[in-house]
Amino acid sequence: MPLMKVIKPGFQSTIQDLGRFGFSHLGISASGAADAVSLRIGNLLLGNDQNLSALEMTLIGGEFFFDSETIVAITGSDFRPMVDGNPIPLWTSISVKAGQALQFGMTQAGARCYLCIKGGFEIDNILGSSSTHIIAGIGGYKGRALMKGDEINFAGNNFKNFNSLKIKNEVVAEIMNNQKIFVTNASQTEYFTKETLNLFSSSAYLVSEETNRMGLRLTGPMLTNINNKDIITEGVSLGAIQVSHDGNPIILFVEHQTTGGYPKIANVISAHFHKVGQLRPRDEIRFSFVSIEKAYEMRMHLESLISPMSLASA
Amino acid sequence: MTEQLTKKYPYIQFASDRSILIKIGDEISREIHERVLNFFLLIGSAKLSGIQSIHPAYNSILITFDPCIIHPHEISESVKALLTRESSVNIHDPRIIEIPVCYDEEFALDISVVARHNSLTIEQVIQIHSQPEYLVYFLGFSPGFPYMGEMPKEIATPRLQTPRIKVPEGSVAIGGDHTGIYPLSSPGGWNIIGRTPLRLFSPDKEEPTLLKMGDKIKFIPITRKEFEELKN
């Protein structure tokens, strides 16, 4: 079977799909692509099912050798992709010949870049998903990030009549804009004083170095003014912004612990999860509250972009 | 849509644009636990479309849904309707799960701390810890981790000043007046008093966790030799 061999793994490269749902009551968070929109669009470009597994790279990309021809699409942040040393475009389906290698470098903007492949990688599902969950040590390739020498099979295909497609520029621009992150109320928003809520939505926060797929710790004005600090441990949602007793907010992300005992000031809207997945340490962010209705509207708009209407000939 | 003003449980609120939180009560108690378990089973058996996960806890249930399949207001109405029906589902008699624990000092790194803190002998700590049937209130936090109650106060011991970087898989521990089991090796700040050879999380099994909400746990002291035999 055709295979891809890891020559250099990069900083943290994992196999991801859209996540493992339905096991939070057993303590297992969904995991899945940190920027699911880029993964879905990569699969769209290849005519794949949107949930097929792809390679997620973080901050520094790797180098991968292909022993058979295939078609790939690279989406997300610009990690300076090249085929055998020649630059190739993002957001475009590209043919790779047998014996060629794909090289990625340092990110030029956001945190994550996706290498999607025609037909997906051949990865066994664990609990219904191929996503790597690093903390639980399950899914993906042996439940871990890729290492030098790893070999992953992918679906073989006949690529005779290949027409390269790309995503329209204006769609890419809209998806990748990293302006304000919108949030809705969370289950304890009313525990915070009005002043604290104003401080939260009017200040800039910096993403700290303590940032990974589990969560993003933020630094900025302390959110200490809380009417009620005593929370009985409860289930937490992806994108919840939890405030620890010292007043520092943390965004719970794709591999979050399924329960939390700290109050949550807000929750990132689902139409902006992918923006969180592109945040790097030292990035500055600002938050803005919207209603559930507005969040729903924005989500539906985002969904409308992930459609064949966004494709054009390359 | 928060119905907190009425202070009437259960009330439901959005936790995000794709999740709703049902509050069943305002404290940790066996009575509320039973209502949570009842609603958890009820919501699960209703098979509402668009639901991605249902996470029960001490006094709440978090429902995550896919807004592309069901509108947030629609699911909140459906769940409200379910809750007002308040019909009860059949809750099976709790399973009693025996968990063998080797309290040997090789594993029980902090058992002498627990003994000293409570002016007990190590034998007394083992005896007190393995006496009760502990209720699994729910699973959560990390894969297969049980939130258990209620541990006898005689062996309560504050958490370590500095958490360990790595607590081995299967470690049985005391943190404050709680006891717990680490299903995976992970960082942790509880006092380790023993280790079980059983696996609490087996992702390749159809039922990936040894325990489930509502189980009763009984710790059975075993020797080092029995530990090895059970491990294999």
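Residues numbered from 1 in each chain as written. Chains lettered and ligands numbered in written order. Predicted model: local features only at pLDDT ≥ 70, side-chain atom pairs only at ≥ 80, totals over all residues. Heavy atoms only, no water.

Asks: Before we go on, may I ask you to explain the overall build of chain B in this structure?
Replies: Of regular secondary structure, chain B possesses five helices and 13 strands. Taking the principal axes of the C-alpha coordinates as reference, chain B spans close to 55 × 40 × 35 Å. Looking at chain B residue by residue over its 232 residues, the buried ones come to 54%. Of the contacts made within chain B by residues no fewer than 6 positions apart, 62% connect residues no fewer than 24 positions apart. Of the accessible surface of chain B, which amounts to about 10,900 Å², a share of 52% is contributed by carbon and sulfur atoms. Charge centroids of chain B, computed over 24 positive and 29 negative side chains, lie 2 Å from each other. (Helix = DSSP H or I, 4+ residues; strand = E, 2+ residues; numbered from the N terminus. Buried < 20%, exposed > 50% of the residue type's maximum accessible area, 1.4 Å probe, protein only. Contact = heavy atoms within 4.5 Å. Areas by Shrake-Rupley, 256 points an atom, 1.4 Å probe, with all protein chains shown as cover. Lys, Arg positive; Asp, Glu negative; His and termini not counted. Charge placed at Lys NZ, Arg CZ, Asp CG, Glu CD.)

Asks: How do you make sense of a negative patch on the surface when you look at a structure like this?
Replies: A contiguous patch of negative charge on the surface is contributed by Asp26, Glu27, Glu31 and Glu34 of chain B. Note on placement: Asp26 of chain B falls in the loop between strand E2 (19-23) and helix H1 (30-46). (Patch = residues over 30% accessible without salt bridge, like charges linked within 9 Å, V, L, I, M, F, W, Y side chains within 5 Å. Salt bridge = Lys/Arg side-chain N within 4 Å of Asp/Glu carboxyl O.)

Asks: Hey, could you run me through the domain arrangement of chain A in this one?
Replies: The extent of an interface is frequently quoted as the accessible surface area lost upon association of the parts. All names here are of chain A. Entries for chain A in the domain assignment read domain 1 (3-165) and domain 2 (181-305). Computed over C-alpha atoms only, the centres of domain 1 and domain 2 are separated by 28 Å. With 29 residues of domain 1 at the contact, the number on the domain 2 side is 16 residues. In total, domain 1 and domain 2 occlude about 1,600 Å² of area from one another, counting both sides; carbon and sulfur atoms represent 49% of this. Looking at the side of domain 1 facing domain 2, the largest losses of area belong to Ser29, Ala34 and Arg112, adding up to 25% of the total buried there. In this structure, the connection of domain 1 to domain 2 is made through two salt bridges. Notably, a salt bridge pairs Arg213 with Glu56, separated by 3.0 Å at the nearest N-O pair. Here domain 1 is connected to domain 2 by 15 residue pairs in polar contact (both at pLDDT 80 or more). Across the side of domain 1 that touches domain 2, the residue classes tally to eleven nonpolar, 14 polar and four charged. (Domains from an automatic or database assignment. Buried area = accessible area lost by both parts, 1.4 Å probe. Polar contact = N/O pair within 3.5 Å; in protein donor to acceptor, adjacent residues only side chain to side chain. Nonpolar A, V, L, I, M, F, W, Y, C, P; charged D, E, K, R; others polar.)

Asks: Teacher, can you tell me more about the sheet that holds strand E14 (residues 205-211) of chain A here?
Replies: Working definition: the strands of a sheet are paired by backbone hydrogen bonds and lie parallel or antiparallel to each other. All names here are of chain A. Reading across the sheet, the eight strands line up as E21-E14-E15-E18-E17-E20-E13-E22 and stay open at both edges, with mixed pairing between neighbours. Unpaired on one side and paired on the other, strand E21 (284-285) and strand E22 (287-289) mark the two borders of the sheet. As paired elements, strand E17 (residues 240-243) and strand E18 (residues 249-252) share three bridges and run antiparallel to each other. Paired with Val243 across the bridge in E18 is Pro249. Here helix H3 (residues 194-202) sits on the sheet and contacts strand E13 (181-184), E14, E17, strand E20 (264-268) and E22; the angle it forms with E22, its principal contact strand, is near 130°. (Pairing = 2+ DSSP bridges. Axes fitted to C-alpha atoms, helices over the stretch in contact; angles between N-to-C directions.)

Asks: What exactly am I supposed to notice about the interface of chain A and chain B here?
Replies: On the chain B side, the residues contacting the 40 residues of chain A number 44 residues. When the two sides are added together, the surface that chain A and chain B hide from each other amounts to roughly 3,300 Å², 61% of it contributed by carbon and sulfur. Here chain A is connected to chain B by zero salt bridges. At the junction of chain A and chain B, the tally comes to eleven residue pairs in polar contact (both at pLDDT 80 or more). The set of elements that each furnish at least two residues to the side of chain A that touches chain B consists of strand E16 (234-235) and helix H5 (292-305) of chain A. Among the elements that line the side of chain A that touches chain B, the one with the most residues is H5 of chain A, at seven residues. Partitioned by chemical class, the residues of the side of chain A that touches chain B number 20 nonpolar, 15 polar and five charged.

Asks: I tried to follow the side chain of Thr258 of chain A on my own but got confused; where do I start?
Replies: In this fold, Thr258 of chain A is placed in the loop between E18 and strand E19 (259-260). On the basis of relative accessibility, which here comes to 1%, the residue Thr258 of chain A falls in the buried class. A polar contact of 2.8 Å, which involves the side chain of Thr258 of chain A, links it to the side chain of His55 of chain B. Once residues within four sequence positions are removed from consideration, Thr258 of chain A is found in contact with Ser24, Gly27, Ile28, Ser29, Glu234, Gly235 and Val236 of chain A together with His55, Gly140 and Phe141 of chain B.

Asks: Before we go on, may I ask you to explain the nonpolar core in this structure?
Replies: All names here are of chain A. Core analysis: the largest hydrophobic core is formed by 80 residues, its most contacted members being Phe64, Leu115 and Phe287. With five residues, strand E10 (residues 112-117) is the single largest residue contributor to this core. Looking at which domains feed residues into this core, each of domain 1 (3-165) and domain 2 (181-305) gives three or more. Once you skip the residues sitting within four places of it in the chain, Phe287 turns out to touch Lys180, Ile181, Val183, Phe200, Ser201, Tyr205, Leu218, Ile241 and Ile251. (Core = buried A, V, L, I, M, F, W, Y, C linked by side-chain atoms within 4.5 Å.)

Asks: Teacher, can you tell me more about the domain arrangement of chain B here?
Replies: Residue and element names in this part refer to chain B. For chain B, the assigned domains read domain 1 (3-88) and domain 2 (96-231). For domain 1 versus domain 2, the distance between C-alpha centres works out to 31 Å. Each side of the interface is counted separately: domain 1 has eleven residues, and domain 2 has 14 residues. Buried surface at the junction of domain 1 and domain 2, summed over both partners, amounts to about 950 Å²; 69% is from carbon and sulfur atoms.

Asks: Would you take a moment to explain the sheet that holds E10 of chain A for this structure?
Replies: Residue and element names in this part refer to chain A. What the five strands build is an open sheet, ordered E2-E3-E10-E5-E8; its pairing is antiparallel. The two strands at the open ends of the sheet, each matched to only one other strand, are strand E2 (14-16) and strand E8 (93-96). With strand direction ignored, the average angle separating the axes of adjacent strands in the sheet is 35°. Bridge analysis of E2 against strand E3 (residues 54-58) gives three bridges, and the strand direction is antiparallel. Looking across to E3, one finds that Ile15 is bridged to Leu55. Relative to the sheet, helix H1 (residues 36-45) contacts E2, E3, strand E5 (70-76), E8 and E10, its axis offset from that of E5 by approximately 150°.

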